[in-house]
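Listed below, chain by chain, are the residues.
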Amino acid sequence: MAIDEMKKIQLSVMEAISDDVGKGIVRIDSTFMNDIDAKESDILAVEGYRKTFAIASMAYPGDSGLKLVRMDGITRRNANVGIGEIVNIYKDYLKPAKKVVVYSVNPNIVLRVDPKVIKQAIIGRPFTQGDIFSGSKEYDRDISKFFNDVFIFEIFKSQDASVKDLSLSNVK
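Please read these numbers as outputs of a predicted model, since none were measured by experiment.

A. Molecular detail of helix 3 (residues 115-122). Within helix 3, the full set of buried residues consists of Ile118, Ala121 and Ile122. Taken down its axis, helix 3 places every buried residue within 85° of arc, on the same side. Looking one or two residues beyond helix 3, the residue adopting positive phi is Gly124, at roughly 80°.

Rendered as structure tokens:
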């Protein structure tokens with residue numbers, strides 16, 4: 001189905017709760033998910049001033065019926081939108097990535113990172129070239145807040161893809 005023919009919804013961007021930060025998910029009311037034929041864990045395209053992807057998740061009860069989407073700062077940055085702005089959202093289908101090239105967004109710091117850390121951060125997540133992601137996990141939050149962007153990486157080379165299974169030799 002061509003993008004023009006896809007069912008799209010327009011929702012207002014709101015901040016994610018802290019438990020959702022870094023997970024690559026967007027929270028949407030089930031009514032709006034049904035409008036675009038999506039269900040929880042489907043891949044959704046999020047179009048702000050830039051297109052990115054996220055995993056669909058159900059809205060919290062307090063957001064029921066509200067025309068909003070909750071997303072973390074990384075997803076907002078990838079979509080190039082701010083809180084209160086409107087985004088187009090639709091269900092999308094991505095091919096699994098065969099190779100992913102990443103680099104630190106801070107060019108002044110050379111990082112030697114175990115590929116397992118990168119793989120753990122991107123496995124099961126949708127992305128497109130130019131997207132950023134955090135290499136730190138929840139248990140690393142205390143460490144990463146001291147280093148700011150040190151643990152933030154950008155997808156350098158890849159087509160729109162979903163990382164379902166990736167061998168360590170394909171993470172560079």
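What follows continues from the structure just given.
B. Broad picture of the environment of Asp131. Structurally, Asp131 can be placed in the loop between strand 9 (126-127) and strand 10 (132-134). You can call Asp131 buried: its relative accessible area is 3%. The spacing of Asp131 and Asn78 is 53 residues in sequence and 5.4 Å in space, taken between C-alpha atoms. A polar atom in the side chain of Asp131 sits 2.7 Å from the side chain of Arg50.

C. Quick look at the pairing of strand 1 (residues 9-15). Across 4 bridges, the pairing between strand 1 and strand 6 (residues 86-91) is antiparallel. The residue of strand 6 that forms the bridge with Ile9 is Ile89. Here 4 bridges tie strand 1 to strand 5 (residues 68-71), and the two strands are oriented parallel to one another. Of the residues in strand 5, the one forming a bridge with Ser12 is Leu68.

D. Structural view of the pattern of salt bridges. Applying the stated criterion across every chain, the model contains 8 salt bridges. Among the ionic pairs, Asp42 bridges to Lys39, the shortest N-O distance being 3.3 Å. With relative accessibility at 52%, the residue Lys39 sits in the exposed group. Taking the shortest distance from any N to any O, the salt bridge between Asp131 and Arg50 comes out at 2.7 Å. Remark: Arg50 occurs in the loop between strand 3 (43-47) and strand 4 (51-58) and Asp131 occurs in the loop between strand 9 and strand 10; sequence separation between them is 81 residues.

About the cut-offs
Residues numbered from 1 in each chain as written. Predicted model: local features only at pLDDT ≥ 70, side-chain atom pairs only at ≥ 80, totals over all residues. Heavy atoms only, no water. Buried < 20%, exposed > 50% of the residue type's maximum accessible area, 1.4 Å probe, protein only. Helix = DSSP H or I, 4+ residues; strand = E, 2+ residues; numbered from the N terminus. Arc of directions from axis to C-beta. Polar contact = N/O pair within 3.5 Å; in protein donor to acceptor, adjacent residues only side chain to side chain. Pairing = 2+ DSSP bridges. Salt bridge = Lys/Arg side-chain N within 4 Å of Asp/Glu carboxyl O.

So, to be careful, I would describe these as geometric facts and stop short of saying anything about function.
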